[in-house]
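Residue strings, one per chain:
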Amino acid sequence: MKSRKVLAASVLVVLAVLTVTYLFVRTPESVTGLVQEQRTRRFSYPRGQSWSYRLEYHADSRVRLSTVASGNGSEVGGKVDLVGRLVLRGLGQKGENWRVGLSLEPVQQHSLQVFGQELLPDEAAVRSLFHGREAMLEVGPEGDVLSVSFRPEDPSLYKNTVQTVLGELQVVLRQGEQWAVSESTARGRARAEYRLLEEDGDRVRVSRSRVGYEQLVGLGQGGTVRVGSSWEAAVEGGVLERLEGEERVERLGEDGRPAGHMRFALKVVRESETAFDTAAVATLEQGAQEKLPPGRLVVDPLARKKMLDQQVAGLTAEQLMAVLRASVNGGVFPDHNHFLLQATGLLEREPELCAKLVELFGQPGTDVRGRAVLLDLLAGAGTPEAQAAMLEALSTPQARGDEQYHMLLSRLALVQEPTEATVDFARREYEKSQGAVHTASTYVLGATAGALHRNGGADQARAAVQRLVEDLRASDASEQQMHLLLGLGNAGVAEHTPLIASYAQSSSEEVRRAAAKALRKVPSEQSQQVLLGLVGDEASRVQVTALDTLTRFKLEPQALVQLRDEVLNGQLDPQSYGSLVTLVEPYLAQEPAVRDVLEYLLTQDKTERSLRTRIHNLLET
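Every chain is numbered independently, its residues counted from 1 as its sequence is written. Residues qualify for local features only when their pLDDT is at least 70, as the model is predicted, and side-chain atom pairs are given and counted only at 80 or more; totals for whole chains, interfaces and linings, by contrast, use all residues. Only hydrogens and water are set aside when side-chain values are computed; all heavy atoms of the structure are taken into account.

Visitor: Pulling in residues and values, what's your account of helix α20 (residues 540–550)?
Guide: Relative accessibility under 20% of the residue-type maximum defines a buried residue, over 50% an exposed one, and the middle range a partly exposed one, all with a 1.4 Å probe and only protein chains included. The way it works is that DSSP assigns letters per residue, a run of H or I at least four long becomes a helix, a run of E at least two long becomes a strand, and they are numbered from the N terminus. The element α20 is extensively covered by neighbouring structure, given that eight of its eleven residues are classed as buried. Here, residues are in contact when the closest pair of their heavy atoms is within 4.5 Å. Of the surrounding secondary structure, the elements contacted by the buried residues of α20 are α18 (509–518), α19 (525–535), α21 (557–568) and α22 (577–584).

Given below as structure tokens:
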């Protein structure tokens, strides 16, 4: 089970003003005005300078909570309209990074609705929420937001509004005509692709398209996720000049109907630049002590309680334990999906119940499948108390003595916001274990350390991932290299892309295949080129893995032409044809090279009949 506080995250998103408007995807413009001598593109926010922008932000979200026999389900949603001013202030540098103050003054138009209730009903409410408040950002030279700091007493609604707007406001500049990055938003970790549209002196204009989400919160789990995204930004003199765009994220449920959507539109236009007195900067720095990673949302305790009450939908602790005792070994519960939603909400609302699950875990009548289900429920709740209960359960003699302990241990990889204690537990298991348990701990350490890294626990996470890196470099055994590559793939830390890419040339088929899979969370040009190269690998299983990983990337026309050439040169094994069609299908309408690929497959004797029918249908459509 990969559920993770579905309702909780859904309403966090709503409270954060998260979301987006259905996005038409525009065809990127051609690059014009390129100068002969390429400048280094960097942001610069000098201390004592202030920039004022007109801000327009419109968003709505809707999430279906449960589906009952009638096919209907309850929903929660929210809507926001903010029109006013956004102010950035240069606070000086910290190493090579910039410290920037951010304040919001949405005074002209304001509406924020959650559960049908207006949270900004009048000017007094707006003034109370925004007036005199300023967040402090740490921004890298390329524009990536590294952290956001608030005063502890700032309202959670204010913090969430800043985090949500900031997720869209971030623009990353790099060299070249196109680049891909992983960006933190209030919806989760997004894969964004940039293209240079124009460069004239110190003014740069780029397009940005979010092509998918490595992690997505607030829309449940499973099903198909559809993303439409179109943005355009201009940066002049190292400072954002304007940004405008729209986005929609939608998840389809198992019944094929939309389970939830997030839609939003944002427009910011710079109106003025002034100098300000820096005497008060020290006061802001001293007060902004609550440091959060970008995109991290918080919820007011009262709002959290209301949210969880709706998620739990009347389930009591006694009912929870009765259902678990009766059905946990089978792994299937009455009204299964709704029960999982209720159970994880109840475990979060009443954290003392986590200990009851540990007791049931240790009882002789609970088999290994039941124990796995209990760990899945705790992982779905995901709270620090739930994680502590998971670690306690995994430390019991019943867990340690089970020959399937490696399978139980692997459940830790489902935790989306691991604590330092969880990562430390995974590290200790990795250091002391052997065999199947060591393999499982490799994957778990990568997954938990990578998630902790993305959630702001940089030092401990980096040390844990670095252990995998060092062991990979020291290993000359193919099987160990394979597992370590997959562990690093779970971590998804971009700086290790060159190391992973180097194993694409291994003499071992399994190592090359692991390298292809390990690049799935790093949507960079280097990753794409490595994967395109592996499409022509001599081993069909490597080809299939490379093609499957490429489905997580947005391919530009040049890459599709490169892929076509690989295919027409006869490099692909017939066993890879199905994965190839799945990869190129979304590009058929706009790229002639895709039609060349499909028509070529029809000429091949080894193309299966069902695949031929599928290709004919695509070409006719």
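Visitor: Account for the layout of surface pockets, naming residues and giving values.
Guide: Rolling a probe over the atoms, with the probe sized like a water molecule, indicates the empty space that remains. Points on a 1 Å grid, built from protein atoms alone, make a cavity when a 1.4 Å probe fits but cannot get out and make a pocket when they are open with protein on both sides within 12 Å along at least 5 of 7 lines; residues with an atom within 4 Å of a point are the lining residues. Grid points are joined across faces, edges and corners, and a volume is the space filled by probe spheres set on the points. A volume near 1,300 Å³ is recorded for the second largest pocket. Lining the second largest pocket are 44 residues, with D144, V145, L146, R189 and H453 positioned closest to its centre. When contributions to the lining of the second largest pocket are tallied by element, the ones reaching two or more residues are β6 (145–150), β7 (178–185), β13 (290–292), α14 (435–454) and α15 (458–474). A per-element tally of the lining of the second largest pocket places β7 first, with five residues. The classification used treats Ala, Val, Leu, Ile, Met, Phe, Trp, Tyr, Cys and Pro as nonpolar, Asp, Glu, Lys and Arg as charged, and all other residues, Gly among them, as polar. Residue composition of the lining of the second largest pocket, grouped by class: 17 nonpolar, twelve polar and 15 charged.

Visitor: An account of the packing of aromatic side chains is requested, with residue identities and associated values reported.
Guide: The relative placement of two aromatic rings is captured by the distance of their centres and the angle of their planes. Aromatic rings from Phe, Tyr and Trp, taking only the six-membered ring of Trp, are treated as a pair when their centres fall within 6.5 Å; an angle between ring planes under 30 degrees marks them as stacked, one over 60 as edge-to-face, and anything in between as tilted. Under the defined criterion, the tally for this structure stands at eight aromatic pairs. When the centroid spacing of 6.1 Å and the interplanar angle of 85 degrees are considered together, the rings of F150 and Y158 count as edge-to-face. Assessed through its relative accessible area of 0%, Y158 is described here as buried. Centroid distance W179 to Y194: 5.8 Å. Interplanar angle 5 degrees. Geometry classified as stacked. Of this pair, W179 sits in strand β7 while Y194 is found in strand β8 (residues 188–200), placing the two residues 15 residues apart along the sequence. Judged by its relative accessible area of 8%, W179 falls in the buried class. A relative accessible area of 3% means that Y194 is categorised as buried. Here the aromatic cluster, defined as three or more aromatic residues joined through ring pairs, consists of F43, Y45 and W51.

Visitor: Mind laying out empty space enclosed by the protein, listing which residues take part and the relevant values?
Guide: Under the criterion given, the structure shown has three cavities of 30 Å³ or more. One number sums up the size of the largest cavity: a volume of about 160 Å³. Lining the largest cavity are 14 residues, and of these Y45, L88, G143, L169 and Q170 lie nearest its centre. Counting only elements with at least two residues in the lining of the largest cavity, the list comes to β3 (97–114), β5 (135–139) and α3 (156–169). Of the residues contributing to the lining of the largest cavity, the split by class is twelve nonpolar, two polar and no charged. Volume-wise, the second largest cavity comes out at about 130 Å³. Taken together, 13 residues form the lining of the second largest cavity, with Q178, W179, A180, E193 and E525 sitting closest to its centre. Those elements that provide at least two residues to the lining of the second largest cavity are β7, β8 and α19. Looking at the lining of the second largest cavity residue by residue, the class counts come to five nonpolar, three polar and five charged.

Visitor: Describe the packing of helix α8 (residues 353–362) against helix α9 (residues 368–381), with residues and values.
Guide: Two quantities define a packed helix pair, namely the angle between the axes and the distance from one axis to the other. Two numbers describe how α8 lies on α9: the axes approach to 9 Å, and their chain directions differ by 165 degrees. Taken together, the axes of α8 and α9 are roughly antiparallel relative to one another. Seen along the crossing, α8 lies across α9 with a hand that is left-handed. Across the interface between the two elements, C354, L357, L360, F361 and G362 from α8 touch R371, L374, L375, L377 and L378 from α9. Its residues assigned to classes, the contact of α8 with α9 shows eight nonpolar, one polar and one charged. Each axis is a line fitted through C-alpha atoms, taken for helices only over the stretch in contact, and angles between the N-to-C directions span 0 to 180 degrees. Here the word oblique covers every angle except those under 35 degrees (roughly parallel), over 145 (roughly antiparallel) and from 65 to 115 (roughly perpendicular). In this scheme, a crossing is called left-handed if the near helix is turned counterclockwise away from the far one by less than a right angle; it is called right-handed if the turn is clockwise.

Visitor: I'd like a description of the pattern of salt bridges, backed by residues and values.
Guide: Counted as salt bridges are all cases of a side-chain nitrogen of Lys or Arg within 4 Å of a carboxyl oxygen of Asp or Glu. Within the structure shown, the criterion is met by 46 salt bridges. Here E168 ties to R210 by a salt bridge, and the two come within 3.0 Å at their closest N and O atoms. A residue pair is termed long-range when its members are at least 10 positions apart, and E168 in helix α3 and R210 in strand β9 (residues 203–213) qualify at 42 residues. Per residue, the accessibility class of E168 equals that of R210, and both read buried. Here E509 ties to R541 by a salt bridge, and the two come within 3.5 Å at their closest N and O atoms. Of this pair, E509 sits in helix α18 while R541 sits in helix α20, placing them 32 residues apart in sequence.

Visitor: Help me get a handle on α21, residues and values and all.
Guide: Between its terminal C-alpha atoms α21 stretches 16 Å, which fits the 16 Å expected from twelve residues at 1.5 Å a residue. The set of residues buried in α21 consists of A559, L560, L563, E566 and V567. Seen end-on, α21 carries its buried residues on one side only, within an arc spanning 115 degrees. Directly beyond the C-terminal end of α21, a positive phi value near 75 degrees is found at G570. A helix's residues, less one, multiplied by 1.5 Å, set its expected span. What the arc describes is the spread of directions from the helix axis to the C-beta atoms.

Visitor: Explain the pairing of β6 to me, and be specific about the residues and the numbers.
Guide: With five of its six residues buried, β6 lies for the most part within the structure. Two elements, β5 and β6, share four bridges in a ladder whose sense is antiparallel. Looking at β6, one finds that V139 is bridged to V145. Strands are treated as partners if at least two bridges between them are detected by DSSP. Turn length for the β5-β6 hairpin, with the two strands adjacent in sequence and antiparallel, is five residues, and the turn residue G143 shows positive phi of about 105 degrees. Sheet topology places β6 next to β13; three bridges connect them, and they run antiparallel. Bridging across to β13, S149 finds its partner in K291.

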